[in-house]
2 protein chains.
Amino acid sequence: MKLHSYWRSTTSYRVRIALNLKGLTYETVPVDLLSGAQRSPAYRALNPGAGVPTLELADGTVLTQSLAILDYLDHLVPEPPLLPADPLDRAHVQAAAHLVALDIHPVNNLRIINRLKTEHGVDNEAAKAWMLHWMAEGLAAFQQMLPANTRYCFGDAPMLADICLVAQLYNAHRWGLDLAPFARLLEIERDLLILPAFDAARPENQPDAP
Amino acid sequence: MKLHSYWRSTTSYRVRIALNLKGLTYETVPVDLLSGAQRSPAYRALNPGAGVPTLELADGTVLTQSLAILDYLDHLVPEPPLLPADPLDRAHVQAAAHLVALDIHPVNNLRIINRLKTEHGVDNEAAKAWMLHWMAEGLAAFQQMLPANTRYCFGDAPMLADICLVAQLYNAHRWGLDLAPFARLLEIERDLLILPAFDAARPENQPDAP
């Protein structure tokens, strides 16, 4: 498998964690978002949405959208599962994961921030405030959605919500979000990042990291 | 079941379609997004993310996030399925659905547009241009992701991608997007909206529509 990805992309980070948890090996194909490589005709032919990640299977099949890729990987290698078996438990884990993946991440995406700056006169300071606002609001809701006294987000095994959380917290640290209200999330993050599957997936451990 | 929702919310629209496809009856509990009802303490206790929809089951269990709710409904009532059984087919349908649900809708959400206006000096005209930009770009990618010669997005039965498409196209019509490049999508929309499950879910057919 080839993972077309960018080291700092949090959606790429999600897929790297899942590949590692499933014990799948892959080759990283760097897509330099800062130079606009995702908008090249060759890359758009793989991924019409011009985003990362894109997973290219050995037979050439191409998969896009991080959560859809995670669902595929969960079917390909069922253990360890990324979602619980019980339908209600599944829905709760997904709701928390989607709070990150639909409510926080999309509005802080690079293409969004670039457009705020180039088309709407938003300066660097205001763009940062924009990002921190949605992270603070979203992470507060995420934290409220967790059951009490679990090691990871929803129990003793890392699942989809943990994958999305760790990737989002990378961005929160990077942009200097005040994390004082999120002690619970930081404890979970600490326990997750010592797992080899999460540690190997960290942005700074990727071949295209500077 | 009670569906806490807003008639014009496209995420509420998705869940209404799925409930109808599954033959499930429900009571609509209107949440007036324009007056900020979603931010009331009572509603936030149900849904920490302060968004719609929220699905309240007969036993009081509360589910949030439209795609997580759809996954639950698909497990609760497996027929007709919202996703294909084959893992690769599932991933392709989800990738298209997620292009709408993660790349288009979140950045055009009411709370996002309100913040652009109140905090970043974006006027009504520029906010509309913002919305239309992401819709045009996203729908172009969505259209490219579809296989050729299918009745609905991925075959002869409506699935998750169709549900997300119809709801997004409602917004596209509402805001006056130039739909000339999307003839294929409009044909699919026409065929979907004549299905009773889709027709009954239309915003204008809801009890809180004016």
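Rules and cut-offs
- Residues numbered from 1 in each chain as written.
- Chains lettered and ligands numbered in written order.
- Predicted model: local features only at pLDDT ≥ 70, side-chain atom pairs only at ≥ 80, totals over all residues.
- Heavy atoms only, no water.
- Helix = DSSP H or I, 4+ residues; strand = E, 2+ residues; numbered from the N terminus.
- Buried < 20%, exposed > 50% of the residue type's maximum accessible area, 1.4 Å probe, protein only.
- Axes fitted to C-alpha atoms, helices over the stretch in contact; angles between N-to-C directions.
- Parallel < 35°, antiparallel > 145°, perpendicular 65-115°, else oblique.
- Contact = heavy atoms within 4.5 Å.
- Nonpolar A, V, L, I, M, F, W, Y, C, P; charged D, E, K, R; others polar.
- Buried area = accessible area lost by both parts, 1.4 Å probe.
- Salt bridge = Lys/Arg side-chain N within 4 Å of Asp/Glu carboxyl O.
- Polar contact = N/O pair within 3.5 Å; in protein donor to acceptor, adjacent residues only side chain to side chain.
- Least-squares fit on C-alpha atoms with pLDDT ≥ 70 in both.
- Core = buried A, V, L, I, M, F, W, Y, C linked by side-chain atoms within 4.5 Å.
- Pairing = 2+ DSSP bridges.
- Right-handed = clockwise from strand over helix to strand, strands pointing away.
- Arc of directions from axis to C-beta.
- Left-handed = near helix turned anticlockwise from the far one by under 90°.

**Overview of unusual backbone geometry**
Here the bond from B:Val52 into B:Pro53 is cis, since omega is 0°, no more than 30 degrees from zero. In this fold, B:Pro53 is placed in the loop between helix H2 (41–46) and strand E3 (54–56). Cis geometry is adopted by the peptide bond preceding B:Pro80, which originates at B:Glu79 and carries an omega value of -10°. Tracing the chain through its elements places B:Pro80 in the loop between helix H3 (66–76) and helix H4 (87–104). Not every positive phi belongs to a glycine, and A:Ala50 is a case in point at roughly 55°. Along the chain, A:Ala50 turns up in the loop between helix H2 (41–46) and strand E3 (54–56). The phi torsion at A:Gln65 lies on the positive side, around 70°, for a residue other than glycine. You can call A:Gln65 buried: its relative accessible area is 13%.

**With respect to the packing of helix H6 (residues 124–144) of chain B against helix H8 (residues 183–193) of chain B**
All names here are of chain B. Between H6 and H8, the shortest axis-to-axis distance is 9 Å and the interhelical angle comes to 80°. By the angle class used here, H6 and H8 are roughly perpendicular. In contact with Leu-139, Phe-142 and Gln-143 of H6, H8 contributes Ala-183, Arg-184 and Leu-185. For the contact of H6 with H8, a count of residues per class yields 4 nonpolar, 1 polar and 1 charged.

**Description of the interface of chain A and chain B**
Across the contact, 41 residues belong to chain A and 41 residues belong to chain B. Between chain A and chain B, roughly 4,000 Å² of surface is buried when both sides are summed, and carbon and sulfur atoms account for 66% of that area. The interface formed by chain A and chain B contains 5 salt bridges. For the interface between chain A and chain B, the tally reads 14 residue pairs in polar contact (both at pLDDT 80 or more). Breaking the side of chain A that touches chain B down by element, the ones donating at least two residues are strand E4 (62–64), helix H3 (66–76), helix H4 (87–104), helix H5 (110–120) and helix H6 (124–144) of chain A. The greatest single-element share of the side of chain A that touches chain B, amounting to 12 residues, is contributed by H4(A). A breakdown of the residues in the side of chain A that touches chain B according to their chemical character gives 24 nonpolar, 11 polar and 6 charged.

**As for the relation of the copies chain A and chain B**
Look at the two chain copies: a rotation about an axis and a shift along it is all it takes to match them. Overlay of chain A on chain B (RMSD 0.0 Å): rotation 180°, translation along the axis 0.0 Å. Each copy turns onto its partner about a two-fold axis. By residue overlap, the copies meet face to face through one surface: 100% of the interface positions of chain A are interface positions in chain B.

**Concerning the nonpolar core**
Residues A:Trp130, A:Phe142, B:Trp130 and B:Phe142 are the most contacted members of the largest nonpolar core, which totals 152 residues. Each residue touching A:Trp130, except ones within four places of it in the same chain, is listed here: A:Val107, A:Asn108, A:Ile112, A:Ile113, A:Leu116, B:Ile112, B:Arg115, B:Leu116 and B:His120.

**Considering the pairing of strand E2 (residues 27–30) of chain B**
Residues and elements named next belong to chain B. Across 4 bridges, strand E1 (residues 2–5) lies against E2 in parallel orientation. Across the sheet, residue Ser-5 finds its bridge partner in E2, namely Pro-30. What joins E1 to E2 is helix H1 (residues 10–21), and the crossover it makes is right-handed.

**Concerning the side chain of B:Arg90**
By secondary structure assignment, the location of B:Arg90 is in helix H4. Overall, B:Arg90 belongs to the buried group, its relative accessible area being 12%. Within the structure, the side chain of B:Arg90 is placed 2.8 Å from the side chain of A:Asp71, a separation counted as a polar contact. Sequence-distant contacts of B:Arg90, defined by excluding residues within four places in its chain, comprise A:Asp71, A:His75, B:Leu83, B:Pro84 and B:Ala85.

**So, the pattern of salt bridges**
In this structure the tally under the stated criterion is 15 salt bridges over all chains. Ionic pairing is found between B:Arg111 and A:Glu137, a salt bridge with its closest N-O pair at 3.4 Å. Separated into two different chains, B:Arg111 in helix H5 (residues 110–120) and A:Glu137 in helix H6 make up a pair that spans both. Overall, the relative accessible area of 25% leaves B:Arg111 in the partly exposed class. Taking relative accessible area as the criterion, A:Glu137 reaches 35% and is therefore assigned partly exposed. Of the charged contacts in the structure, one is a salt bridge between B:Asp191 and B:Arg151, with a shortest N-O distance of 4.0 Å.

**Some remarks on the sheet that holds E4(A)**
All names here are of chain A. Strand order across the open sheet formed by 4 strands is E2-E1-E3-E4, with mixed pairing between neighbours. The open sheet is flanked by strand E2 (27–30) and E4, the only strands paired with a single partner. Within this sheet the neighbouring strands show an average axis-to-axis angle of 25°, counted without direction. Sheet contacts for H3: E3 and E4; angle to E4, the most-contacted strand, approximately 125°.

**Focus on H5(A)**
Within the sequence span of H5(A), burial applies to A:Ile112, A:Ile113, A:Arg115, A:Leu116 and A:His120. All buried residues of H5(A) fall inside an arc of 160° around its axis, so they share one side. Where H5(A) is buried, its residues touch H6 of chain A together with H5 and H6 of chain B. The positive-phi residue at the C-terminal boundary of H5(A) is A:Gly121, with phi of around 65°.

**A short note on the packing of H4(A) against H6(A)**
Residue and element names in this part refer to chain A. In the contact formed by H4 and H6, the axes pass within 9 Å of each other and the chain directions differ by 165°. Between H4 and H6, the crossing angle belongs to the class labelled roughly antiparallel. Of the two possible hands of crossing, H4 and H6 adopt the one that is right-handed. Across from Ala-96, Ala-97, Leu-99, Val-100 and Ile-104 in H4, the residues of H6 making contact are Trp-134, Met-135, Gly-138, Leu-139, Ala-141 and Phe-142. Residues belonging to the contact of H4 with H6 are distributed by class as follows: 10 nonpolar, 1 polar and no charged.

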